[in-house]
Amino acid sequence: MLKISIVGTPARCRIVLEGKLIAPWVTELKKTWEALAADLDGREFVVDVSDVTFISREGENALLELMRHGAKFQCRGVFTKHIVQQLTHRHKSRGRDQSPL
């Protein structure tokens, strides 16, 4: 199970995830993001994965996609810090691989 909460302020929109980020919850996260993306109006977008206990490969890909759209991540604990570090590395590596010729 995954709980998705939205915390909005004038400067920031934060999605708080709690539980397991696996299918079908990945689809729910994507739907939530799509609904919020159109209404950010320049606010910082943060995904809080501090209370996520498991992330499937599909979940990692969804978080990576959010990162590519400018999401910042908030995490704590060894597990979520490790996942965010891996995603950041993948994100930066992909940017280098797609440099113009």
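Since this is a predicted model, take the numbers as computed values, not measurements.

Quick word on the pattern of salt bridges
Then, in step 1: One pass over the structure, following the stated rule, counts eight salt bridges.
Then, in step 2: In this structure, R90 engages E60 in a salt bridge whose closest nitrogen and oxygen atoms are separated by 3.5 Å. Of the two residues, R90 is situated in helix 3 (residues 77-97) and E60 in helix 2 (residues 57-68); the sequence distance between them amounts to 30 residues.
Then, in step 3: Taking relative accessible area as the criterion, R90 reaches 28% and is therefore assigned partly exposed.
Then, in step 4: Judged by relative accessible area, which is 11%, E60 ranks as buried.
Then, in step 5: Sharing partners across several salt bridges, the network here consists of R57, E60 and R90.

A word on the packing of helix 1 (residues 25-37) against helix 2
Then, in step 1: The contact between helix 1 and helix 2 brings their axes to 10 Å, and the two run at 15 degrees. The pairing of helix 1 with helix 2 is recorded here as roughly parallel in orientation. As for the relative orientation of helix 1 and helix 2, their crossing is left-handed in sense. Contacts between helix 1 and helix 2 involve V26, L29, K30 and W33 from the former and E58, G59, A62, L63 and L66 from the latter.
Then, in step 2: Split into classes, the residues belonging to the contact of helix 1 with helix 2 amount to six nonpolar, one polar and two charged.

Focus on helix 2
Then, in step 1: Counted at 1.5 Å a residue, the expected span for helix 2 with its 12 residues is 16 Å, and the 16 Å between its end C-alpha atoms agrees.
Then, in step 2: For helix 2, the complete set of buried residues consists of G59, E60, A62, L63, L64, L66 and M67.
Then, in step 3: Once helix 2 finishes, G70 follows within two positions and takes phi at roughly 95 degrees, a positive value.

Rules behind the numbers
Residues numbered from 1 in each chain as written. Predicted model: local features only at pLDDT ≥ 70, side-chain atom pairs only at ≥ 80, totals over all residues. Heavy atoms only, no water. Salt bridge = Lys/Arg side-chain N within 4 Å of Asp/Glu carboxyl O. Helix = DSSP H or I, 4+ residues; strand = E, 2+ residues; numbered from the N terminus. Buried < 20%, exposed > 50% of the residue type's maximum accessible area, 1.4 Å probe, protein only. Axes fitted to C-alpha atoms, helices over the stretch in contact; angles between N-to-C directions. Parallel < 35°, antiparallel > 145°, perpendicular 65-115°, else oblique. Left-handed = near helix turned anticlockwise from the far one by under 90°. Contact = heavy atoms within 4.5 Å. Nonpolar A, V, L, I, M, F, W, Y, C, P; charged D, E, K, R; others polar. Expected span 1.5 Å × (residues − 1).

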